[in-house]
Amino acid sequence: MRLTNDTYHYPSRRHVVYARNGVAHSSVPLAAQIGVSTMQRGGNAVDAALAMAAALPLLEPVSNGLGSDCFALIWIEKDRKLYGINGSGISPAAASAEKLRARGLTAVPFVGWDPVMVPGAPSAWAKIRARFGTMPFSEIMAPAIRYAEEGYPIPETAALQWKHAFRRYSAALEAAEGPAKEALAPWFDCFTKKTPEGPAPYETGDLFRMPDFAETLRSLAATDCESYYRGDLAKKIVAFSEATGGPFTLEDFACYEAEWVTPISTNYRGYDVCEIPPNGHGITALMALNILEGFELEPHRETVENYHRMIESMKLAFVDAKRYVADARFMKVTPEQLLSKEYAARRRAQIGEKALMPEAGDPFCGGTVYFCTADGEGNMVSFIQSNYAGFGSGIVIPGTGISLNDRGANFYLDPESENCLAGRKKAYHTIIPGFLMKDGEAIGPFGVMGGFMQPQGHLQVIVNTVDFGMNPQDALDAPRFQWTGEKKIELEGWGGVAEDLAGPLAERGHDIAVNESSLDMGRGGIIWRQPNGVYAAGTECRCDGTIAAY
């Protein structure tokens with residue numbers, strides 16, 4: 001029997017999933033099942049999230065890896081408190097904007113050693129498990145180890161992204177010379193299949209195994225992730241860096257730890273929307289909601305006036321975030337200043353009938369994976385993990401399955417910028433987990449992954465929920481827009497919305513493009529806890545998103 005993979009002739013619809021004992025959402029079905037099975041084996045929502053975090057670098061390597069960063073918001077029911085952890089890494093001590101400018105570069109490249117940061121995810125996993133987990137890492141990582149050794153079939157969206165990555169790294173390998181070429185070669189050993197014509201990307205339904213990944217997880221489990229920063233894995237990473245022209249030293253890894261942080265929030269029409277504070281740009285969504293709150297939206301979501309106001313609010317918030325957000329130690333503006341309702345009112349006053357060319361204001365005056373879990377005790381986790389651009393830098397440490405991030409590409413080379421590249425510094429970060437509360441009660445985790453689409457997805461999901469009363473599945477299914485710079489707006493080309501709104505928005509001065517592919521419009525998930533304790537969950541129709549529940 002020959003199946004037409006990746007081809008669908010008829011529309012389908014997903015429904016909200018309801019459950020009481022446990023819910024896990026992921027962009028790939030096997031990860032969601034790992035989360036639920038972990039809870040069924042006696043773990044809590046935190047154990048489930050960590051099991052998914054350990055498995056996703058294998059199950060969706062096109063979006064994250066064992067060289068990833070991560071952020072998480074964790075609601076612990078017995079504490080009646082929301083906790084945040086920042087698992088973003090730091091640049092090596094040798095990193096220097098001046099060195100890159102001397103090579104004629106105007107931006108940090110995405111491929112090779114230049115953008116690689118000390119990964120933060122394994123440290124965050126260890127801190128989360130030690131504080132809130134109930135299982136040892138040997139049990140938490142067991143499902144991922146089994147899939148790495150036995151193999152699993154590649155899901156559809158991952159296969160599509162794999163093809164893009166293969167073309168990207170093939171071009172980079174062809175252009176590289178000397179040690180730079182040697183640094184990229186292991187990616188092809190690890191993430192391509194061998195054919196008579198040469199290396200090729202994995203395709204939908206192909207079985208993928210990575211036994212080196214299993215051995216690395218065993219090392220992490222046995223040492224509570226210490227081997228990654230102060231043990232054998234750190235030595236392997238640094239040795240490969242030294243052999244292929246990279247900048248890392250053992251001290252770069254030994255000095256790193258993820259950090260617990262206090263979540264930031266804003267109140268939007270009676271609901272508290274929570275994010276991780278900078279260096280992450282979750283604050284962008286909060287600033288946009290502050291601006292938008294001063295407008296009364298029309299009852300029907302898909303109107304020109306509603307889209308115009310959401311777009312303009314998002315643009316103003318984004319240019320502020322890109323100007324001011326950086327490693328918190330270097331910021332000259334506080335989150336409190338950026339989230340001031342008075343400052344939001346001043347920004348709102350700039351919005352008129354026509355599209356703005358956005359510029360940063362003055363607040364001094366006033367392809368990532370997202371997944372979430374919830375358990376029967378009321379604990380909930382909003383978790384996001386990323387290598388940044390696809391597989392990341394294209395550098396894989398031989399014999400480990402560790403693909404390293406390219407998060408340093410978010411640094412600027414302008415010495416006047418708070419986000420200028422320098423040693424032992426965190427970069428402006430795009431990955432953001434979200435959490436919704438009301439009157440001190442947890443409603444639940446939400447998130448939309450996808451680079452600079454993420455805060456825009458957060459804004460639209462919250463507006464869909466709070467302003468238009470959509471259920472979690474409907475809130476995710478609704479057509480989206482994306483601001484891509486200046487007055488440029490992409491409208492999602494489905495549901496007839498783009499066809500109806502493109503012309504009227506263009507008349508208001510927006511530079512409109514219709515995106516027929518939904519791959520770049522964000523991929524998210526939601527779990528809301530209802531007053532009776534039953535969870536209502538929605539998943540993403542733009543990828544292989546799945547809700548597993550019991």
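Here, the structure is the one placed above.
Residues numbered from 1 in each chain as written. Predicted model: local features only at pLDDT ≥ 70, side-chain atom pairs only at ≥ 80, totals over all residues. Heavy atoms only, no water.

1. Focus: the sheet that holds strand E20 (residues 511-515)
- Strand order in the open sheet made by the three strands is E18-E19-E20, with mixed pairing throughout. Looking along the sheet, the strands with just one partner apiece sit at the ends: strand E18 (481-485) and E20. With strand direction ignored, the average angle separating the axes of adjacent strands in the sheet is 30 degrees. (Pairing = 2+ DSSP bridges. Helix = DSSP H or I, 4+ residues; strand = E, 2+ residues; numbered from the N terminus. Axes fitted to C-alpha atoms, helices over the stretch in contact; angles between N-to-C directions.)

2. Focus: the sheet that holds strand E10 (residues 264-268)
- Spatial strand order, E1-E22-E21-E17-E16-E11-E10: seven strands in an open sheet with antiparallel pairing. Two strands bound the open sheet, and with one partner strand each, they are strand E1 (17-19) and E10. Averaged over all pairs of adjacent strands, the angle between their axes in this sheet comes to 20 degrees, without regard to strand direction.
- Pairing of strand E16 (residues 434-438) with strand E17 (residues 441-449), which is carried by five bridges, proceeds in the antiparallel orientation. Note on E17: the bridge partner recorded for Leu 436 is Gly 444.

3. As for the side chain of Ser 393
- Looking at where Ser 393 falls in the secondary structure, it is placed in the loop between strand E13 (380-386) and strand E14 (396-397).
- Within polar-contact distance, the side chain of Ser 393 engages the backbone nitrogen of Ile 395 at 3.2 Å.
- Here Leu 404 takes part through its backbone oxygen, which lies 2.9 Å from a polar atom of the side chain of Ser 393. (Polar contact = N/O pair within 3.5 Å; in protein donor to acceptor, adjacent residues only side chain to side chain.)

4. A short note on the pairing of E10
- The alternating pattern of E10 places Ile 264, Thr 266 and Tyr 268 on a buried face, while none of Ser 265 and Asn 267, on the opposite face, is buried.
- By the bridge criterion, five bridges tie E10 to strand E11 (residues 271-275) in an arrangement that is antiparallel. Residue pairing in the sheet places Ile 264 in a bridge with Glu 275 of E11.
- Remark: two residues form the turn of the hairpin made by E10 and E11, two consecutive strands paired antiparallel; Arg 269 in that turn has positive phi of roughly 50 degrees. (Buried < 20%, exposed > 50% of the residue type's maximum accessible area, 1.4 Å probe, protein only.)

5. Focus on the pattern of salt bridges
- Enumeration over the complete set of coordinates arrives at 27 salt bridges.
- Here Glu 312 and Lys 315 are joined by a salt bridge, their closest N and O atoms 2.7 Å apart. Taken as a pair, Glu 312 and Lys 315 lie in helix H14 (residues 304-324) at a separation of three residues, close to a single helical turn. Both residues of the pair, Glu 312 and Lys 315, belong to the buried class.
- Arg 329 is paired through a salt bridge with Asp 327; the nearest N and O atoms lie 2.7 Å apart.
- Its relative accessible area of 3% is what places Asp 327 among the buried residues.
- One connected set of salt bridges, linked through shared partners, spans Glu 77, Arg 80, Glu 441 and Arg 529. (Salt bridge = Lys/Arg side-chain N within 4 Å of Asp/Glu carboxyl O.)

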